[in-house]
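Residue-level listing of the chains:
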Amino acid sequence: MKTFYLTLAALSLGACSASQSAPAEAQDTLATPAAAQSTMQTDTAIFAGGCFWCTESDFEKVPGVISAVSGYTGGHTENPTYKDVTYKNTGHYEAVKVTFDPDQVSYGELVEYYWTTVDPTDPAGQFCDKGDSYRTAIFAQPGQLETAVTSKTNLAGTKPFAAPIVTPVLPVSTFYDAEGYHQDYYKKNPLRYKYYRN
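Residues numbered from 1 in each chain as written. Predicted model: local features only at pLDDT ≥ 70, side-chain atom pairs only at ≥ 80, totals over all residues. Heavy atoms only, no water.

### Focus on the environment of Asp 103
As a reminder, the rule being used: The helix count covers DSSP runs of H or I at least four residues long, the strand count covers runs of E at least two residues long, and both are numbered beginning at the N terminus.
With respect to the element layout, Asp 103 can be found in the loop between β3 (93-100) and α6 (107-115). Between the alpha carbons of Asp 103 and Gly 64 there is a distance of 7.8 Å; along the sequence they are 39 residues apart.

### Section: the pattern of salt bridges
What counts here: The salt bridge criterion pairs a side-chain nitrogen of Lys or Arg with a carboxyl oxygen of Asp or Glu, the two atoms within 4 Å. Between buried and exposed lies partly exposed: a residue is buried under 20% and exposed over 50% of the maximum accessible area for its type, with that area taken using a 1.4 Å probe on protein chains only.
Under the definition given, this model contains 2 salt bridges. With a closest N to O distance of 3.4 Å, Lys 88 and Asp 84 form a salt bridge. When its relative accessible area of 56% is taken as the criterion, Lys 88 is described as exposed. Residue Asp 122 pairs with Lys 130 through a salt bridge whose shortest N-O separation is 2.3 Å. The exposure class assigned to Lys 130 is partly exposed, which follows from its relative accessible area of 45%.

### Quick look at the sheet that holds strand β7 (residues 169-171)
Applicable threshold: Two strands qualify as a pair provided that DSSP identifies no fewer than 2 bridges between them. In this description, a line fitted to the C-alpha atoms serves as the axis of each element, helices being fitted only across the stretch in contact, and the angle between N-to-C directions of two axes falls anywhere from 0 to 180 degrees. Whether two residues touch is decided by their heavy atoms; if any such pair falls within 4.5 Å, the residues are in contact.
Reading across the sheet, the 6 strands line up as β7-β6-β1-β3-β2-β8 and stay open at both edges, with mixed pairing between neighbours. Strand pairing shows two members of the sheet lacking a second neighbour, β7 and β8 (175-177), which therefore form its edges. Mean inter-strand twist for the sheet, computed between neighbouring axes without regard to direction, equals 40 degrees. Alignment of strand β6 (residues 136-140) against β7, held across 3 bridges, turns out to be parallel. Bridge pairing links Ile 138 to Val 169 in β7. Strand contacts of helix α4 (residues 52-59): β1 (43-49), β2 (65-73) and β3, with the helix running at about 165 degrees to β2, the strand carrying the most contacts.

### A look at the environment of Gly 125
Looking at where Gly 125 falls in the secondary structure, it is placed in strand β4 (residues 125-126). Accessibility expressed as a relative area gives 0% for Gly 125, which makes it buried. With sequence-adjacent residues up to four places away left out, Gly 125 is seen in contact with Lys 130, Gly 131, Tyr 134 and Arg 135.

### So, helix α7 (residues 145-158)
We count it as follows: What a helix should span is 1.5 Å times the count of its residues minus one. In this context, the arc is that of the directions from the helix axis out to the C-beta atoms.
If you check α7, its first and last C-alpha atoms are 20 Å apart, about what 14 residues at 1.5 Å a residue would give, namely 20 Å. Looking at α7, one finds that the buried residues are Ala 148, Ser 151 and Leu 155. Projected down its long axis, α7 shows its buried positions confined to an angular sector of 65 degrees, all on one face. Facing away from the buried side of α7 by more than 90 degrees, the exposed set consists of Glu 146 and Gly 157. Of the surrounding elements, those touching the buried residues of α7 are α6, β6 and β7. In the segment just after α7, Lys 159 is the residue with positive phi, at about 50 degrees.

Okay, structure coming up:
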């Protein structure tokens, strides 16, 4: 596990310099051919970690993660909008659907990484964002439930926080993609995102 996190840290630090210095020909050879991408086996995971801009940014840094899409889940309103989720009683969380290559990163490793990106003791939201839509939760598929619950139990057993862990593990429910302007917000608006995140 330590090796996984050290590799992640090293890749995060070197990503910018490597992409700027590599010649165009070298970058082309690193691209995965379309045929290989179409046969790649993928899986998905859904995490609510407060503001979905931050959760999306965090997971897209993980090797083996193909994409992270911001959206809404866990509530009772069909096809919710950002305004619905923020200002109405929809029951939805801001969440991220992570598509990943299980040959490169396991679901269990993603769950372990998730715990490092949130405060799982806060029932009211995350950091500066408070309210129902900013609560934390893991939305697990049937084959993921045991892994997620075991991870939460292990985390609680190590008692890294004074307060109890309140992040629930819930059965996966319908995921609604958020509006386009929320997708990749940290890439499209880097200065605003940096100011918000800090």
